[in-house]
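Spelled out from the first residue to the last, the chains are:
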Amino acid sequence: MSGQRRTAPGVELLSIGNELLLGETVDTNATWIAARLASEGIAVLRKTTVGDDVALIRDALAAGLRRCGTVICTGGLGPTPDDLTRHALAELYARRLVVDDAWLDVLRARYARRGMTMPAINRVQAEHPAGATLLPNARGTAPGMALADQERGLTILLPGVPSEMRGLLEAEVLPLLRERLRPAARFESRVIRTAGISEAALAERIADIAGDVAPLSLAFLPQGTGVDLRLTFAGSSAAAGDAVRSEAGSVLLDRAVARLSERLGHDVFALEPVDLAAVVGGMLRERGMTLAVAESCTGGLVAKRLTDAAGASDYVRAGFVTYSNDAKRDMLGVAETTLAAHGAVSEACAREMAEGARRAARADAAMAITGVAGPGGGSAEKPVGTVWMAVALESVTHVRHVIFPGDRSEVRERSAQAALDMLRRALAGTLHG
Ligand code: ATP
């Protein structure tokens with residue numbers, strides 16, 4: 001049997017659960033593990049998903065082990081009858097299920113600390129195939145487990161709950177894998193985040209230098225709200241010289257990031273995977289400025305993103321969700337005549353919303369968004385996607401309008417991003433008109 005397997009060193013991922021196949025749960029575990037292993041230079045060779053069925057789980061495990069000798073599974077370790085992963089593992093390795101008394105004591109003690117008796121049903125979570133190593137789970141009742149033999153290879157089972165899975169992967173699984181699988185390649189990447197420029201325009205701007213990044217690879221990742229450029233170094237770390245090679249990779253990456261971001265200038269808002277709202281927040285903090293936000297069609301999206309950053313109270317003074325004309329008039333002081341003459345989705349209204357929010361919140365700066373998110377409410381003059389945005393500073397108010405493509409949620413996301421980008425450029429002094 002050993003002759004059939006391990007065509008390549010690496011890991012297969014097996015996600016278990018009917019809810020994944022029904023589309024009720026997004027398989028974020030596999031995505032997270034893949035990214036984490038890639039950053040360690042450990043190759044993920046395949047991902048598979050199966051439902052809660054012992055034979056299916058056993059067969060998927062067996063196939064994965066034949067292909068590459070190491071499989072990491074998540075899910076199906078709970079205490080209920082549909083949690084069958086440990087049974088599949090026992091069948092595959094032809095082991096009996098035995099109870100780990102030490103883990104049972106840990107579980108009982110945890111319940112006792114909360115003044116409770118452990119439900120009998122949880123006893124199965126101390127069961128594992130004889131010979132498996134339990135991986136203690138500090139965040140939940142299901143321990144992970146690892147079982148290896150010469151003939152089949154190594155199987156690692158982890159709980160499905162993402163925070164539990166992540167904790168166990170870091171503390172228990174990565175040390176095991178680093179020892180077992182000599183990382184075959186080191187991947188290192190950097191991101192350049194842009195806003196306010198299309199993928200095509202971006203490609204044109206860097207067309208004459210994009211080829212120079214070799215041996216790095218360059219990917220364009222359009223997000224709907226902007227385009228990220230990702231540069232990746234994939235260096236072999238075969239034997240000696242790993243450190244030298246990965247250092248060379250870092251230097252190449254730094255150089256390419258510097259060259260591309262210099263060319264792209266103000267369209268770049270970050271050289272790390274952060275939200276534009278956090279970048280804008282940082283700029284406000286640096287300048288010692290406060291901000292007010294007046295939102296209509298985005299319904300609070302901008303305020304939400306700004307306050308996702310810890311410490312946002314240093315610069316966010318207030319957010320107004322002024323959805324009705326009355327609220328725009330009463331809370332922000334938009335003139336009745338403006339609303340009557342131009343409507344709520346208009347240059348004049350956006351301007352008055354921003355200036356009114358700035359005044360009402362006694363903030364140094366304010367931004368406003370008013371538009372038609374759809375699907376209804378559009379007209380020939382103001383089609384769905386028409387959005388007016390304004391940024392009011394002490395001495396000037398900038399107003400812009402865009403007709404965004406997309407459905408309601410895309411129009412809202414894009415409006416929020418474009419307005420934040422407008423504020424970013426206004427604070428940097430690169431927004432004119
Ligand atoms: P527990 O012991 O807590 O019951 P478990 O190992 O039995 O954990 P499951 O019952 O399969 O795990 O899943 C528990 C929860 O974890 C699911 O309701 C789901 O929200 C989440 N989950 C399971 N698998 C995944 C996955 N692949 N990606 C993201 N979330 C997942």
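Here the structure is a predicted model, which means the values were calculated and not measured.

### Quick notes on the sheet that holds strand β6 (residues 133–135)
Here we have 6 strands laid out as an open sheet, ordered β2-β1-β3-β8-β7-β6, and mixed in their pairing. Looking at which strands have only one partner, the edges of the open sheet turn out to be β2 (44–50) and β6. Along the sheet, successive strands turn relative to each other by an average axial angle of 20°, direction set aside. Pairing analysis gives 6 bridges linking strand β1 (residues 11–16) to β2, with the strands arranged parallel. Pairing of Leu 13 across the sheet is with Lys 47, part of β2. Helix α4 (residues 85–92) contacts β1, β7 (144–149) and β8 (153–158) of the sheet and is inclined by roughly 165° relative to β8.

### Structural notes on the site of the ligand
Around the ligand there are 19 residues in total, and Asp 27, Gly 76, Leu 77, Gly 78 and Gly 160 lie nearest to it. Within the side chain of Asp 27, a nitrogen or oxygen atom sits 2.7 Å from a nitrogen atom of the ligand. Burial of the ligand by the protein chains amounts to 75% of its free accessible area of 610 Å². Judged by its atoms lying within 2 Å of the grid points, the ligand is housed in the second largest pocket. Elements with a minimum of two residues in the shell around the ligand: α1 (18–21) and α2 (28–39). Here the residues of the shell around the ligand are counted per class, giving 7 nonpolar, 9 polar and 3 charged.

### A few points about the nonpolar core
One finds Leu 291, Val 302, Leu 306, Met 367, Leu 420 and Leu 427 to be the most contacted residues of the largest nonpolar core, which totals 37 residues. Considering every element that reaches this core, the biggest residue donor is helix α15 (residues 408–428), with 8 residues. Those residues in contact with Leu 291, other than ones at most four positions away along the chain, are Leu 284, Leu 306, Tyr 315, Val 316, Arg 317, Ala 318, Ala 363, Ala 365, Ala 366, Met 367 and Leu 423. With 29 residues, the next largest nonpolar core counts Leu 107, Ala 126, Leu 147 and Leu 157 among its residues.

### As for the pattern of salt bridges
Summed over the entire model, instances satisfying the criterion amount to 25 salt bridges. For Asp 105, the salt bridge goes to Arg 108, with nearest N and O atoms at 3.7 Å. Taken together, the residues Asp 105 and Arg 108, both in helix α5 (residues 101–113) and 3 residues apart, mark about one turn of the helix. Under the relative-accessibility criterion, Arg 108 is labelled partly exposed at 44%.

### Remarks on the sheet that holds strand β17 (residues 397–403)
Read from one edge of the open sheet, 5 strands run β14-β13-β15-β16-β17, paired in mixed fashion. The outermost strands of the open sheet, each flanked by one partner alone, are β14 (316–321) and β17. For this sheet, the mean angle separating the axes of adjacent strands, direction not counted, is 10°. Bridge count between strand β16 (residues 386–392) and β17: 7 bridges; the pairing is antiparallel. Note on β17: the bridge partner recorded for Trp 388 is His 401. Against the sheet, helix α14 (residues 347–360) engages β13 (291–295), β14, β15 (365–371), β16 and β17, with an angle of about 145° to β15.

### Some thoughts on the layout of surface pockets
There is about 470 Å³ of room inside the largest pocket. Every residue lining the largest pocket is counted, 22 residues in all, and those nearest its centre are Ala 195, Gly 196, Ile 197, Phe 404 and Ala 418. Contributions of two or more residues to the lining of the largest pocket are made by β17 and α15. Across the lining of the largest pocket, the residue classes tally to 11 nonpolar, 6 polar and 5 charged. Looking at the second largest pocket, its volume works out to about 370 Å³. Residue lining of the second largest pocket: 26 residues in total, with Glu 19, Gly 75, Gly 76, Gly 160 and Val 161 positioned closest to the centre.

### Here's the deal with the side chain of Asn 122
By secondary structure assignment, the location of Asn 122 is in the loop between α5 and β5 (127–129). Of note is the side chain of Asn 122, whose polar atom sits 2.8 Å from the side chain of Gln 125. Not counting the four nearest positions on each side in its chain, Asn 122 is found in contact with Pro 79, Leu 107, Tyr 111 and Thr 141.

### Some words on the packing of helix α3 (residues 54–68) against α4
Between α3 and α4, the least distance of the axes is 8 Å, while the angle of their chain directions is 55°. Relative to α4, α3 is oriented oblique. Of the two elements, α3 crosses α4, and the hand of that crossing is right-handed. In this structure, α3 uses Val 54, Ile 57, Arg 58, Leu 61, Ala 62 and Leu 65 to contact α4, whose residues at the interface are Thr 85, His 87, Ala 88, Leu 89, Glu 91 and Leu 92. Split by residue class, the contact of α3 with α4 holds 8 nonpolar, 2 polar and 2 charged.

### Considerations on the state of the cysteines
In total, this model carries 0 disulfides according to the counting rule given. Cys 68 carries a free sulfur, and the closest cysteine sulfur to it, the one in Cys 73, is 12 Å from it. For Cys 68, a relative accessible area of 3% gives the class buried.

### Points about the packing of aromatic side chains
One pair of aromatic rings is described through two measures. These are the centre distance and the angle between the planes. Inspection of every chain in the model, using the stated rule, returns 0 aromatic pairs. Here Arg 114 stacks its cationic end above the ring of Tyr 111, 5.8 Å away from the centre of that ring. The ring centre of Trp 32 lies 5.9 Å from the NZ or CZ of Arg 166, which sits over that ring.

### Notes on empty space enclosed by the protein
The tally for this structure, following the rule as stated, stands at 2 cavities of 30 Å³ or more. In this structure, the second largest cavity encloses a volume near 30 Å³. As for the second largest cavity, its lining consists of Leu 13, Leu 14, Ser 15, Asn 29, Ala 30, Ile 33, Ile 72 and Thr 74. Listing elements by their share of the lining of the second largest cavity, those giving two or more residues are β1, α2 and β3 (70–74). When grouped by side-chain class, the residues that make up the lining of the second largest cavity number 5 nonpolar, 3 polar and no charged.

Reading the values: rules and limits
- Residues numbered from 1 in each chain as written.
- Predicted model: local features only at pLDDT ≥ 70, side-chain atom pairs only at ≥ 80, totals over all residues.
- Heavy atoms only, no water.
- Pairing = 2+ DSSP bridges.
- Helix = DSSP H or I, 4+ residues; strand = E, 2+ residues; numbered from the N terminus.
- Axes fitted to C-alpha atoms, helices over the stretch in contact; angles between N-to-C directions.
- Contact = heavy atoms within 4.5 Å.
- Near = heavy atom within 4 Å.
- Polar contact = N/O pair within 3.5 Å; in protein donor to acceptor, adjacent residues only side chain to side chain.
- Areas by Shrake-Rupley, 256 points an atom, 1.4 Å probe, with all protein chains shown as cover.
- 1 Å grid on protein atoms, 1.4 Å probe; cavity = no way out; pocket = protein on both sides within 12 Å on 5 of 7 lines; lining within 4 Å.
- Sits in = over half its atoms within 2 Å of the grid points.
- Nonpolar A, V, L, I, M, F, W, Y, C, P; charged D, E, K, R; others polar.
- Core = buried A, V, L, I, M, F, W, Y, C linked by side-chain atoms within 4.5 Å.
- Buried < 20%, exposed > 50% of the residue type's maximum accessible area, 1.4 Å probe, protein only.
- Salt bridge = Lys/Arg side-chain N within 4 Å of Asp/Glu carboxyl O.
- Points joined across faces, edges and corners; volume = space filled by probe spheres on them.
- Parallel < 35°, antiparallel > 145°, perpendicular 65-115°, else oblique.
- Left-handed = near helix turned anticlockwise from the far one by under 90°.
- Disulfide = S-S within 2.5 Å.
- Phe/Tyr/Trp six-rings, centres within 6.5 Å; stacked < 30°, edge-to-face > 60°.
- Lys NZ or Arg CZ within 6 Å of the ring centre and 35° of its normal.

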